[in-house]
Amino acid sequence: MISDFFPFYPKRPYPVCPVPSRVVEVTLRKQEVSLTLSGSHLILVLSGIAHFGVEQALLSGDHPAGTVLFSLSPGSYTIGSGSAAVCSLCIYGFDVGQMQSGLCCVSSLFSCISPVRRMSAGTLSHLTEALHEALKHDPVGGDITAAGLLYPFFLSLAANRPFSPASGHGMPRGRGAGGIGLSGDPLIEAIDFIVRNHAGPIGAADIERVVIDTGGSRAQTSRLFEAAFGIRPVEYLRQYRLHRAALLLEHSDLSLDCIAQACGFVGRSYLSALFTRYYGESPTMRRKRLRNRSES
């Protein structure tokens, strides 16, 4: 059985990591399937033993549960369940060619990942469940959750470091015990702090404090954000709040006052002024335009 879907990703100005443009879930019961994957792709063997017949010698052969396979290039695969009665895989495709210029560092990160890596099958199952929950069931913030899960995972692959469930980090809040992450990365911790606390009265000093608590310095905070996104931490916070407001305008019936409060703005007037300056239209006009488009 093959389940193939293309997740919905709302636009956001400065993502920290690419999210999959295609997700393929495969369950095999003593059978073979043929798949052609474009762009870079990540293959996680979740259970059983997967047999790969591919042109790339490094990826061919039998791969037990817990195997991570990664390719920067398109590829055609013949995948079978090998000697196992049942095997399951999850494949994530990434359209690197469409990544924004602010993510050029990701191509460098991808080039450091080895084609084959062994991990705990339980770790991969945790990661897959969290990504599935985010990508399929959270159209408002799922892409940001997925990026937050995948970035430390790719870092661990590139650095050949262990990757295991870490309490509370990276998982959608309130959706199960135990998240997945690579603790100790100042940038990831700062972004996680912004995502969880953007509705409150936080500012540059609070973001700096998170970086300092993770072993960084106050001066390092701006350098981290400017190197990753080309903007300062407080501007990242502002744009993240505007991004959330834009999504709530499109995917909810909340009033502008409620949206302003939910996104950390001090009143609808301030939100409207910033929103109009950034998006070129007022929140009211944006909601009206989107509704007219969906009804046509």
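A quick note: this is a predicted structure, and the numbers were derived from the prediction, not measured.

Which residues make up the sheet that holds strand E3 (residues 32-37), and what are the values?
Taken together, four strands build an open sheet; the order of strands is E3-E8-E5-E6 and the sheet is antiparallel. Both outer strands of the open sheet, E3 and strand E6 (61-64), are each paired with one neighbouring strand and no more. Here the average twist between neighbouring strands, direction ignored, is 30°. Pairing between strand E5 (residues 49-53) and strand E8 (residues 75-80): three bridges, direction antiparallel. Bridging across to E8, Gly53 finds its partner in Thr78.

Summarise the sheet that holds strand E1 (residues 2-5); cite the residues concerned and give the values.
Spatially, E1-E2-E9-E4-E7-E10 is the arrangement adopted by the six strands of the open sheet, whose pairing is antiparallel. In this open sheet, the two edge strands, each paired with only one partner strand, are E1 and strand E10 (116-118). Adjacent strand axes in the sheet meet at a mean angle of 15° when their direction is disregarded. Summarising the sheet, strand E4 (residues 40-47) and strand E7 (residues 67-71) pair through four bridges and their orientation is antiparallel. In the sheet register, Ile43 faces E7, and the bridge partner there is Leu69. Strand contacts of helix H3 (residues 142-159): E4, E7, strand E9 (86-94) and E10, with the helix running at about 90° to E4, the strand carrying the most contacts.

A description of the pattern of salt bridges should follow, citing residues and the corresponding values.
Under the counting rule described, the total for this entry stands at nine salt bridges. The partner of Glu208 in a salt bridge is Arg218, and the shortest N-O contact between them spans 3.1 Å. Here Arg218 lies in helix H6 (residues 218-229) and Glu208 lies in helix H5 (residues 204-213), a separation of 10 residues in the sequence. One continuous salt-bridge network, built from bridges that share partners, spans Glu281, Arg286 and Arg289.

Give a detailed account of the confidence of the model for the chain, specifying residues and quantitative values.
For the chain, the average pLDDT comes to 80, and 82% of its residues sit at 70 or higher. For residues 100-104, every residue scores under 50 in pLDDT, and the model assigns this stretch eight contacts once sequence neighbours within four places are set aside. Counting interchain partners and residues more than four positions distant, the pLDDT-below-50 stretch residues 165-183 has 48 contacts.

Give a description of the environment of Ile207 that names residues and reports values.
Among the secondary structure elements, Ile207 is positioned in helix H5. As for Ile207 and Leu187, which are separated by 20 residues in sequence, their C-alpha atoms are 9.8 Å apart. Setting aside chain neighbours within four positions, we find Ile207 in contact with Ala190, Phe193, Ile194, Thr221, Phe225, Pro233 and Leu237.

Any details on H5? Residues and values, ideally.
Restricting attention to buried positions, one finds in H5 the residues Ile207, Glu208, Val210 and Val211. Each buried residue of H5 lies within a common arc of 155° when the element is viewed along its axis, so the set occupies one face. Two residues or fewer after H5 comes Gly215, characterised by a positive phi angle close to 105°.

I'd like a rundown of the nonpolar core, residues and numbers included.
Leu42, Leu44, Val68, Tyr92, Phe153, Phe154 and Leu157 are the most contacted members of the largest nonpolar core, which totals 31 residues. Among the elements of the structure, E4, E7, E9, helix H1 (104-111), helix H2 (121-137) and H3 are those that each provide at least two residues to this core. At nine residues, the largest contribution of residues to this core is made by H3. Ignoring sequence-local partners within four residues, the contact set of Leu157 consists of Leu42, Val68, Ile113, Arg117 and Met119. One finds Leu28, Phe52, Leu69 and Ile79 within the second-largest nonpolar core, a separate group that totals 18 residues.

Which residues make up the pairing of E5, and what are the values?
Burial along E5 is one-sided: the face carrying Ala50 and Phe52 is buried and the face carrying Ile49, His51 and Gly53 is not. Examined bridge by bridge, E5 and E6 share four bridges and lie antiparallel to one another. Its bridge partner being in E6, Ile49 is matched across the sheet by Pro64.

Describe the pairing of E8, and please don't skip the residues or the numbers.
Note: E3 against E8, six bridges, orientation antiparallel. Bridge pairing links Ser34 to Thr78 in E8.

Tell me about the side chain of Arg241, and please be specific about residues and values.
In this structure, Arg241 sits in helix H7 (residues 233-251). Among buried Asp, Glu, Lys and Arg side chains, Arg241 stands out as unpaired, with Asp206 the closest opposite charge at 7.8 Å. Here His198 takes part through its backbone oxygen, which lies 2.8 Å from a polar atom of the side chain of Arg241. Apart from residues lying up to four places away in sequence, Arg241 is in contact with His198, Gly200, Ile202, Cys263, Gly264 and Phe265.

Cut-offs applied
- Residues numbered from 1 in each chain as written.
- Predicted model: local features only at pLDDT ≥ 70, side-chain atom pairs only at ≥ 80, totals over all residues.
- Heavy atoms only, no water.
- Pairing = 2+ DSSP bridges.
- Helix = DSSP H or I, 4+ residues; strand = E, 2+ residues; numbered from the N terminus.
- Axes fitted to C-alpha atoms, helices over the stretch in contact; angles between N-to-C directions.
- Contact = heavy atoms within 4.5 Å.
- Salt bridge = Lys/Arg side-chain N within 4 Å of Asp/Glu carboxyl O.
- pLDDT = per-residue confidence, 0-100.
- Buried < 20%, exposed > 50% of the residue type's maximum accessible area, 1.4 Å probe, protein only.
- Arc of directions from axis to C-beta.
- Core = buried A, V, L, I, M, F, W, Y, C linked by side-chain atoms within 4.5 Å.
- Lys, Arg positive; Asp, Glu negative; His and termini not counted.
- Polar contact = N/O pair within 3.5 Å; in protein donor to acceptor, adjacent residues only side chain to side chain.

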